[in-house]
Structure formats: structure tokens, C-alpha cells
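A closer look at the structure
Okay, here's what each chain looks like letter by letter:
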Amino acid sequence: MAEQPVRVLIVDDHVFYREGIKTLLATRAGEVLVVGEASSGEEAVGLAATLVPDVVLMDLRMPGMGGLAATRALADSTAVLVLTMHDDDSVVPALQAGARGYLVKDASLEDLVRAIVAVH
């Protein structure tokens with residue numbers, strides 16, 4: 001019996017970035033399935049309750065409820081993988097808030113899929 005793909009919710013306030021990630025992950029449908037997209041932390045928390053993803057790909061800097069607060073709200077029930085522009089100390093608070101890992105936004109598709117599977 002084949003394993004089910006990891007169910008992913010993409011959270012980023014930039015629609016172009018979300019669409020790009022969704023398109024790339026669609027090429028790996030046997031491993032990863034995008035179940036939804038959110039443009040804010042508030043939307044992510046609401047969708048996660050409805051869609052029950054295995055992993056949330058979380059941007060940290062968004063208007064309204066940012067990624068850090070959303071990570072705190074989701075970390076007890078869902079694996080959060082932070083996506084960030086810079087590999088610096090900005091990810092430390094996210095890890096302290098419960099994120100299971102982080103990846104820089106210029107990572108390869110292979111690295112992204114490997115990270116999603118690893119945090120799941």
C-alpha cells in the first residue's frame with residue numbers, strides 16, 4: 001500500500017510566490033499535495049482548522065497576524081516549516097514558537113520537498 005502524500009498549506013502574503021510554490025509542488029504530487037493557500041496568519045489558522053494539513057509552509061513577515069503568531073497558534077497541532085528570505089537570527093523566535101524547521105526561499109525544489117517530508 002502506497003503512502004499518502006504530505007498535505008501542505010502554503011502561507012505567504014505574496015500571491016506570485018504562493019502560486020510558484022504550488023506549481024512546483026504539483027510536479028511532486030506523489031509526495032506532496034497542496035491542500036490550500038493563505039495570505040495571512042489569521043487566514044492560515046482558520047484554514048488549518050478546516051483543511052487539517054500535515055505541514056504548514058509559513059512566511060514570517062505578513063501584514064496583520066504575522067507568521068510568528070500563527071506559528072504559535074498552530075505548532076501544537078500542525079508541523080510548521082518556516083520559509084524565510086534570510087538565513088539569520090530572524091528564524092530563532094519562530095523555532096522557539098514551535099516551528100519544526102526553516103528553509104530559505106531560494107532553496108531548490110528537492111530541498112523543499114525533503115524539508116516538508118522531514119518535518120512531517
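The preceding data block contains the structure.
Read on for a plain summary of the structure. Every value quoted in this text rests on a predicted model; they were computed, and no experiment measured them.

Right, let's get into the overall build of the chain. Helix and strand counts for the chain stand at five helices and five strands. Mapped from its N terminus to its C terminus, the chain presents α and β elements in the order β-α-β-α-β-α-β-α-β-α. Oriented by its inertia axes, the alpha-carbon framework of the chain measures out at about 40 × 30 × 25 Å. When the accessible surface of the chain is totalled, it reaches about 6200 Å², and 57% of it is carbon and sulfur. Here the chain contributes 9 positive and 17 negative side-chain charges, whose respective centroids are spaced 2 Å apart.

Strand order in the open sheet formed by five strands is β2-β1-β3-β4-β5, and the pairing between neighbours is parallel. Strand pairing shows two members of the sheet lacking a second neighbour, β2 (32-38) and β5 (101-104), which therefore form its edges. Averaged over all pairs of adjacent strands, the angle between their axes in this sheet comes to 25 degrees, without regard to strand direction. Pairing of strand β1 (residues 6-11) with β2, which is carried by six bridges, proceeds in the parallel orientation. For valine 6, the partnering residue across the bridge sits in β2 and is valine 32. Running over the sheet, helix α3 (residues 67-74) touches β3 (55-59) and β4 (79-84) and is turned about 160 degrees from β3.

Reading the values: rules and limits
Residues numbered from 1 in each chain as written. Predicted model: local features only at pLDDT ≥ 70, side-chain atom pairs only at ≥ 80, totals over all residues. Heavy atoms only, no water. Helix = DSSP H or I, 4+ residues; strand = E, 2+ residues; numbered from the N terminus. Areas by Shrake-Rupley, 256 points an atom, 1.4 Å probe, with all protein chains shown as cover. Lys, Arg positive; Asp, Glu negative; His and termini not counted. Charge placed at Lys NZ, Arg CZ, Asp CG, Glu CD. Pairing = 2+ DSSP bridges. Axes fitted to C-alpha atoms, helices over the stretch in contact; angles between N-to-C directions. Contact = heavy atoms within 4.5 Å.

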